[in-house]
Amino acid sequence: MFRSTTIANFKTRETPFYFYDLSLLEATLNEVVKASQKYNYHVHYALKANTNDEILKLIQKAGLGADCVSGNEVEKALAYQFAPTKIAFAGVGKSDKEINLALENEIFCFNSESIQELEVINELAVEKNKIANVALRINPNVMANTHRYITTGLEENKFGINMWELSTVMDRLKDLKNIKLIGLHFHIGSQITDLTAFKSLCIRVNEIQEWFDNRNVLLEHINVGGGLGVDYHNPDENAIPDFETFFKIFDDFLTLKKHQTLHFELGRSIVAQCGTLISRVLYVKNGVKTDFAILDAGMTELLRPALYQAYHKIESLTSKADISQKYDVVGPICESSDCFGKAIELPELKRGDLIAIRTTGAYGQVMELSYNLRDKVKAFYHT
Ligand SMILES: *Cc1c(COP(=O)(O)O)cnc(C)c1O
C-alpha cells in the first residue's frame, strides 16, 4: 500500500525503477533478530537475494552475518563491514580465485559439497599455510514442496553430498590436513511456505548427526540454510514473515549437541517485501482473449516470472477508472516469456498509468539482465 505522497513522488521519476521501503526492512530485521536471539541462533543474510548498498548497510547494522555464493559476494560482504568470522561461503563450484580470496580473509566457513572441491580447498590452503574451516553440505533428500527449479534438497538435484557418499568423503578428509571439518550444511530450497518441510529437515538432521556421533566426529555447528517463504499474494497483510514460528520449529524438533550452534541463511524472507518494481504502461494493445498492458519494465528488470513462472502481485497506482478489465501484463523484451501475469484484473488502464509489481526485493534487481541493451534499472529508497 503506497501513500498518495509516495505515489506523487513516483510520478516525477523515470520508470522503471525499484522502490525500497527501508522502514519495512528495519522492522523485518528487528523481528528476525528478536526471534532468533530467543534461541541464540545465528542468522546469515544470503547476499544473493539483494546486494543494494542501503540494504546491505541496514542488514550489517542489525548484526546479521553473511552467506555468500561467489567470491565477489564475499568481497562485497567484507566491503560492507560484515565480520569475516560471520561469512559463510557456499556454492557447488568455487573457482581457485574465489577459494583463495576466502582463505586470505579467513572467513567463518566454506560450505563444500564435493570431494573434488575439498581437495582443491585443501591444496590451496596448504600453499597459503592456512587451515580452511569447512562444513559439508549434505543432501538430506527432503522434499520442499516448492517450484521444481528452486527445490535443492533432493538426491536428483546437483546440490550437496548424498548420504551414500559420506563415508568416502570422511575417509578422504582424514588425509586433507589443512581442512578442519567444523559443521554440516543443509539448504532444501526456497520460497517454502509449508513449514512441515523444515520439520522433516530437522528430523533428517538428527539422524545424520547420529551418523557422525557413531563415528565420534564432533561438529561445532549446524547450518540449516534458508528458504523461508513470503506471502506474494498478500504483501500488505503479511509484510513480515512469521520468523517466530519458523525458529520455533527448529527449537522443537532439532536436537543440538552441547556447544553446537545453529546457523541460518535467510535471503528472501528478509528483503522480498521491502521492494517494489515501479513501471509505466506504455501501450494498451487489443488481444484475442484479453488486452495486453505493455509496460516499460520487462524480464530484464524482473526475471522471476519468466524464469520460474513466479507470481507477483500487480497493482495499478494511478488508474482512477471505475470499470476493471483483464490484462496480460507484459514487458517490451523480444521474448514471449516476457510476461508478468496473464488475465490480471486491473482498473481500466491507459498509457502513462503507474504499475507496482510487488514483493520484488529478493531475486529482483540482482537478476537484472542487459539483454536488448537495456538501461540499468535504478533504485529509489524510502525511509
Ligand atoms: C539461496 C540460498 C540461500 C537463501 O535462500 P532464501 O530462500 O532466499 O532464504 C541460503 N543458502 C544457500 C546455500 C542458498 O543457495
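Fair warning: this is a prediction, and the values are worked out from it, not measured in the lab. (Residues numbered from 1 in each chain as written. Predicted model: local features only at pLDDT ≥ 70, side-chain atom pairs only at ≥ 80, totals over all residues. Heavy atoms only, no water.)

1. Considerations on the side chain of Ser-319
By secondary structure assignment, the location of Ser-319 is in the loop between strand E13 (314–316) and strand E14 (324–330). For Ser-319, the side chain forms a polar contact with the main-chain nitrogen of Ala-321, separated by 3.3 Å. Side-chain polar atoms of Ser-319 contact the backbone oxygen of Glu-348, separated by 2.7 Å. With residues up to four places along the chain from it excluded, the contact list for Ser-319 reads Pro-347, Glu-348, Leu-349 and Asp-353. (Helix = DSSP H or I, 4+ residues; strand = E, 2+ residues; numbered from the N terminus. Polar contact = N/O pair within 3.5 Å; in protein donor to acceptor, adjacent residues only side chain to side chain. Contact = heavy atoms within 4.5 Å.)

2. Remarks on the pairing of strand E16 (residues 354–357)
Every other side chain in a regular strand lies on the same face of the sheet, so the side chains alternate between the two faces. Judged by which residues are buried, E16 turns out to be covered on both faces: Leu-354 and Ala-356 on one side and Ile-355 and Ile-357 on the other are all buried. As judged from the four bridges shared by strand E11 (residues 275–285) and E16, these two strands associate in the antiparallel manner. Residue pairing for E16: Ile-278 is matched across the bridge by Ala-356. As paired strands, E13 and E16 are joined by three bridges and run antiparallel to one another. (Buried < 20%, exposed > 50% of the residue type's maximum accessible area, 1.4 Å probe, protein only. Pairing = 2+ DSSP bridges.)

3. Regarding the pairing of E14
With four bridges joining them, strand E12 (residues 291–295) and E14 adopt parallel strand pairing. The residue of E14 that forms the bridge with Asp-291 is Tyr-327. With six bridges connecting them, E14 and strand E15 (residues 339–347) associate as antiparallel partners. Note that in E15 the partner of Ser-324 across the bridge is Pro-347.

4. Description of the domain arrangement of the chain
Segmenting the chain into domains produces domain 1 (4–17 + 274–382) and domain 2 (22–272). Each of domain 1 and domain 2 has a C-alpha centre, and the two are 33 Å apart. Counting residues at the interface gives 22 residues for domain 1, matched by 25 residues for domain 2. At the boundary of domain 1 with domain 2, total buried surface from both sides reaches about 2,100 Å², with 55% on carbon and sulfur atoms. Looking at the side of domain 1 facing domain 2, the largest losses of area belong to Cys-274, Tyr-363 and Tyr-381, adding up to 33% of the total buried there. Where domain 1 packs against domain 2, one counts one salt bridge. The closest approach of N and O atoms between Arg-358 and Asp-236, which form a salt bridge, is 2.9 Å. The interface formed by domain 1 and domain 2 includes 11 residue pairs in polar contact (both at pLDDT 80 or more). If you list the elements that add at least two residues to the side of domain 1 that touches domain 2, you get helix H11 (304–308) and strand E17 (378–382). (Domains from an automatic or database assignment. Buried area = accessible area lost by both parts, 1.4 Å probe. Salt bridge = Lys/Arg side-chain N within 4 Å of Asp/Glu carboxyl O.)

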